[in-house]
Amino acid sequence: QVQLVESGGGLVQAGGSLRLSCAASGRTFSNYAAMGWFRQAPGKEREFVAAINWSGGSTYYADSVKGRFTISRDNNKNTGYLQMNSLKPEDTAVYYCAAEDRFGLFTAAQGYAYWGQGTQVTVSS
């Protein structure tokens, strides 16, 4: 069974940093052609955060995180990452990684076939 497992969430003060990881089990991570991160705050819809293609050579970010977050992937380690710097209270949400078999960059949740269970990120002011 294919699974994506996020880790690295937690409580951090505003201005701090966290690095989220997304590990694949049941399937080699490099077999996913595209990967993305989304987040969902209480009472809000799930929103796109960042996307990366198979090689890691192309990335795309939501305006709200551009310049603060960096998406990456290490196919040799079977893991994807989201480095989050200069965190703000409005970044508080459950963060989900997602993966897809098709090549490209996808910003819509419907573009991804595989999802992790989410990891909570809480930024205190």
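Above this note sits the structure.
So, how was this worked out
- Residues numbered from 1 in each chain as written.
- Predicted model: local features only at pLDDT ≥ 70, side-chain atom pairs only at ≥ 80, totals over all residues.
- Heavy atoms only, no water.
- Helix = DSSP H or I, 4+ residues; strand = E, 2+ residues; numbered from the N terminus.
- Buried < 20%, exposed > 50% of the residue type's maximum accessible area, 1.4 Å probe, protein only.
- Contact = heavy atoms within 4.5 Å.
- Pairing = 2+ DSSP bridges.
- Axes fitted to C-alpha atoms, helices over the stretch in contact; angles between N-to-C directions.
- Salt bridge = Lys/Arg side-chain N within 4 Å of Asp/Glu carboxyl O.
- Phe/Tyr/Trp six-rings, centres within 6.5 Å; stacked < 30°, edge-to-face > 60°.
- Lys NZ or Arg CZ within 6 Å of the ring centre and 35° of its normal.

## Overview of the environment of N31
In step 1: Mapped onto the secondary structure, N31 falls in the loop between β3 (18-25) and β4 (34-40).
In step 2: Under the relative-accessibility criterion, N31 is labelled partly exposed at 45%.
In step 3: In sequence terms N31 and E100 are 69 residues apart; their C-alpha atoms lie 9.0 Å from each other.

## Observations regarding the environment of N78
In step 1: Here N78 lies in the loop between β7 (69-74) and β8 (79-84).
In step 2: Separated by 23 residues in sequence, N78 and D101 have C-alpha atoms that sit 15 Å apart.
In step 3: Sequence-distant contacts of N78, that is, excluding residues within four places in its chain, are made with C22, A23, A24, R27, T28, F29 and S30.

## As for the pairing of β8
In step 1: Along β8, five of the six residues are buried, which leaves the element largely enclosed by surrounding structure.
In step 2: Bridge analysis of β3 against β8 gives six bridges, and the strand direction is antiparallel. Its bridge partner lying in β8, A23 is registered against T79.
In step 3: Here β7 runs beside β8; their pairing, made up of six bridges, is antiparallel. Residue pairing for β8: S72 is matched across the bridge by Y81.
In step 4: The antiparallel hairpin formed by β7 and β8 contains four residues in its connecting segment, where N78 sits at a positive phi of about 60 degrees.

## Focus: the sheet that holds β3
In sheet architecture, strand pairing relies on hydrogen bonds along the backbone and comes in two forms, parallel and antiparallel.
In step 1: Reading across from one edge, β1-β3-β8-β7 is the order of the four strands in this open sheet, with antiparallel pairing throughout. The open sheet terminates on both sides in strands that have one partner only, identified here as β1 (3-7) and β7. Geometrically, the sheet is characterised by an average inter-axis angle of 15 degrees between neighbouring strands, direction not taken into account.
In step 2: In this structure, β1 lies alongside β3, joined through five bridges in antiparallel fashion.

## Notes on the pattern of salt bridges
In step 1: Considering all chains together, one arrives at five salt bridges under this definition.
In step 2: For D91, the salt bridge goes to R68, with nearest N and O atoms at 2.7 Å. Placement of D91 in the loop between β8 and β9 (93-100) and of R68 in the loop between β6 (59-61) and β7 is noted, with a sequence separation of 23 residues between them. Each member of the pair, D91 together with R68, is buried.
In step 3: Through salt bridges with shared partners, one network takes in R39, E47, R68 and D91.

## Description of the packing of aromatic side chains
In step 1: The final tally for this structure, using the stated rule, is seven aromatic pairs.
In step 2: On the numbers, 5.1 Å between centres and 55 degrees between planes, the contact of F38 with W115 is tilted. Residue F38 is found in strand β4, and its partner W115 is found in strand β10 (residues 114-115); the two are separated by 77 residues along the sequence.
In step 3: Classification of F38 by relative accessible area gives buried; the value is 1%.
In step 4: Of the aromatic side chains, those joined through ring pairs into one cluster are F38, F48, Y60, F106, Y112 and W115.
In step 5: Across from the ring centre of Y96, 3.8 Å away, lies the NZ or CZ of R46, which sits over that ring.
In step 6: Its end group placed over the ring of W115, R46 keeps NZ or CZ at 4.9 Å from the ring centre.

In short, the description is geometric, and any link to function would need to be established separately.
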